[in-house]
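Chains, contacts and geometry: an overview
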Amino acid sequence: METKILDGKSLSLKIREELKKRVEVLKNQYNKIPTLATILVGNDVASATYVNMKVKSCQSIGMGSIRIDLPESTTTEQLLNEIYKLNNNPNVDGILLQHPVPKQIDERKCFDAIDIEKDVDGVTTLGFGKISFGLDAYPSCTPAGIIRLLEEYQLSLEGKNAVVIGRSPILGKPLSMLLLQRNATVTICHSKTKNLPDIVKTADFVFACCGIPKFVKGDWLKDGCVLVDAGYNPGNVGDADYDSCFPKCSYITPVPGGVGPMTIAMLLSHTVEAAEKKVLSK
């Protein structure tokens, strides 16, 4: 059996080229520049790096970006006020509040203050509820990127056993909902799951998103399964032990170069779509 790579990097570049054309249409026909606003609270170095990367990604396809940096001492009310300003700014199409925020802030309250039409990162409880019911909303970007990657390689989920290892509100849970909508039979596993290797062994599709380096082992996998590793840990390693898993899989995502680039591609895509909806609704 030849193991094939699910190449998120090349697909993300293809998506960006498509988005460039859509951005040009918005500029030329509607005098509209799709714009993403990012909010960074505090001094977290990793978060600042992520925000810089997202700003540069916007610029690379001709989108606009607004960056708001707030001090570590910011209160919930102060952050809410910034979000409300962006909600009411007609030039802003998407809002991204970088996680995590300082501990004195009610992060969930602030996420949920984001206008559902500008929730391009899929972080509101309303957005999650709509996605769960199959209604129109932007899913969290990493789950959306995973689905788009599987579609690109024409890997059908219908009737397949899918095991999701992880239950975070922006990855494991929304991914499970998207898989269910595509008629997969979904098992959600987590740190309290008993006999986890035996459960994983039943899966046609395995989604590793637990935040533990090299957690999923090759001898857990059924021959010919598809392994999607959504983890990214220090040392450029995922949540699956790539070397032992590789020979067991028909398809596998590398880390880096698999799911990561797709996450940002979906953020850009959702923002452009939000801008398109705005001009077409007028």
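Here the structure is shown first, and the text comes after it.
Since the model is a prediction, treat every value here as computed from it, not as a measurement. (Residues numbered from 1 in each chain as written. Predicted model: local features only at pLDDT ≥ 70, side-chain atom pairs only at ≥ 80, totals over all residues. Heavy atoms only, no water.)

1. Some remarks on the sheet that holds strand β1 (residues 4-5)
Threshold: By the convention used here, strands pair only if DSSP detects at least 2 bridges between them. A run of H or I in DSSP counts as a helix once it spans at least four residues, and a run of E counts as a strand once it spans at least two, with each numbered from the N terminus. By definition, residues are in contact when any of their heavy atoms lie within 4.5 Å. Axis definition: a line fit to C-alpha positions, over the contact stretch in the case of helices; interaxial angles, taken between N-to-C directions, run 0 to 180 degrees.
One open sheet holds the six strands; their spatial order is β1-β9-β8-β7-β5-β6, and the pairing between them is parallel. Across the chains shown, the open sheet's two edge strands, defined by having one partner strand only, are β1 and β6 (185-189). As defined by bridge partners, strand β5 (residues 161-165) adjoins β6 across five bridges and the pair is classed as parallel. Within β6, the residue paired with Asn-161 across the bridge is Thr-185. Together, β5, β6 and β7 (205-208) form the strand contacts of helix α7 (residues 172-181), whose direction differs from that of β5 by roughly 170°.

2. Digging into the nonpolar core
Formally: Definition used in this section: a nonpolar core is a set of buried Ala, Val, Leu, Ile, Met, Phe, Trp, Tyr and Cys residues joined via side-chain atoms within 4.5 Å. Each residue's exposure class comes from its accessible area (1.4 Å probe, protein chains only) as a fraction of the maximum for that residue type: buried when under 20%, exposed when over 50%, partly exposed otherwise.
Core analysis: the largest hydrophobic core is formed by 49 residues, its most contacted members being Ile-146, Leu-150, Leu-179 and Phe-207. Secondary-structure elements contributing two or more residues to this core are α1 (8-30), α6 (141-152), β5, α7, β7, β8 (225-229) and α10 (259-280). Of the residues forming this core, the biggest block, eleven residues, is contributed by α10. Judged by nonpolar contacts, the second largest core, of 19 residues, contains Leu-79, Leu-80, Val-92 and Val-123.

3. Observations concerning a nonpolar patch on the surface
For clarity, the cut-off: By definition, no residue in a patch forms a salt bridge, and every one has over 30% relative accessible area; like charges are joined within 9 Å, nonpolar side chains (Val, Leu, Ile, Met, Phe, Trp, Tyr) within 5 Å. Note on areas: these come from Shrake-Rupley sampling with a 1.4 Å probe, and a residue is covered only by the protein chains present in the view. Within this document, salt bridges are pairs made up of a side-chain nitrogen of Lys or Arg and a carboxyl oxygen of Asp or Glu, the two lying within 4 Å of each other.
Taken together, the side chains of Val-25, Tyr-30 and Leu-280 make up a nonpolar region of the molecular surface, amounting to roughly 290 Å² of accessible area. The residue Val-25 is located in helix α1 in this model.

4. Comments concerning the environment of His-99
Here is the rule we go by: For this analysis, a polar contact is any N or O atom pair within 3.5 Å, provided that within protein one partner can donate a hydrogen and the other can accept it, and provided that sequence-adjacent residues contribute only side-chain to side-chain pairs.
Considering the arrangement of structural elements, one finds His-99 in the loop between β4 (94-97) and α4 (107-112). When near neighbours in sequence (up to four residues on either side) are disregarded, His-99 contacts Ser-47, Glu-107 and Phe-111. At 2.8 Å, the side chain of His-99 forms a polar contact with the side chain of Glu-107.

5. A short note on the side chain of His-270
By the secondary structure assignment, His-270 is in helix α10. At a separation of 2.9 Å, a polar atom in the side chain of His-270 contacts the main-chain carbonyl oxygen of Val-120. What His-270 contacts, discounting residues up to four positions off in sequence, is Val-120, Tyr-138, Pro-139, Cys-141 and Ala-144.

6. So, the environment of Ile-66
Residue placement: Ile-66 occurs in strand β3 (residues 64-70). Ile-66 sits 26 residues away from Val-92 along the chain, and the two C-alpha atoms are 8.2 Å apart. Residues in contact with Ile-66, not counting those within four places in the same chain, are Thr-35, Leu-36, Ala-37, Thr-38, Asn-89 and Val-92.

7. Things to note about α1
Basically, it comes down to this: To estimate the expected span of a helix, subtract one from its residue number and multiply by 1.5 Å.
The first and last C-alpha atoms of α1 sit 31 Å apart over 23 residues, in line with the 33 Å expected at 1.5 Å per residue. By the N-cap criterion, in which a side-chain oxygen at the helix start approaches the backbone nitrogen of a residue two or three places on, α1 is capped by Asp-7, the distance to Lys-9 being 3.1 Å. Looking at the residues trailing α1, positive phi occurs at Asn-31, about 55°.

8. Observations regarding the pairing of strand β2 (residues 35-41)
How we decide: Looking down the strands as they point away from the viewer, one classifies a crossover as right-handed if the path from the first strand across the helix to the second runs clockwise.
With seven of seven residues buried, β2 lies mostly within the body of the structure. Alternating positions in β2 separate into two faces, Thr-35, Ala-37, Ile-39 and Val-41 on one and Leu-36, Thr-38 and Leu-40 on the other, with burial throughout. With helix α2 (residues 45-60) bridging β2 and its parallel neighbour β3, the resulting β-α-β unit is right-handed. Bridge count for β2 against β4 is four bridges, and the pairing is parallel. Looking at the pairing, Leu-36 lines up with Gly-94 of β4.

9. Topic: the packing of α6 against α10
Packed helices, taken two at a time, are described by the angle their axes make and the gap between the axes. To keep it simple, the criterion reads: Roughly parallel refers to an angle under 35 degrees, roughly antiparallel to one over 145, roughly perpendicular to one between 65 and 115, and oblique to any angle outside these ranges. By the convention adopted, Pro, Cys, Tyr, Trp, Phe, Met, Ile, Leu, Val and Ala count as nonpolar, Lys, Arg, Asp and Glu as charged, and the other residues, Gly among them, as polar.
Where α6 contacts α10, the two axes come as close as 8 Å, and the packing angle between them is 105°. One finds that α6 runs roughly perpendicular with respect to α10. Side by side, α6 and α10 meet where Cys-141, Thr-142, Ala-144, Gly-145, Ile-146, Arg-148 and Leu-149 of the first sit next to Val-259, Met-262, Thr-263, Met-266, Leu-267 and His-270 of the second. Looking at the contact of α6 with α10, its residues break down into eight nonpolar, four polar and one charged.

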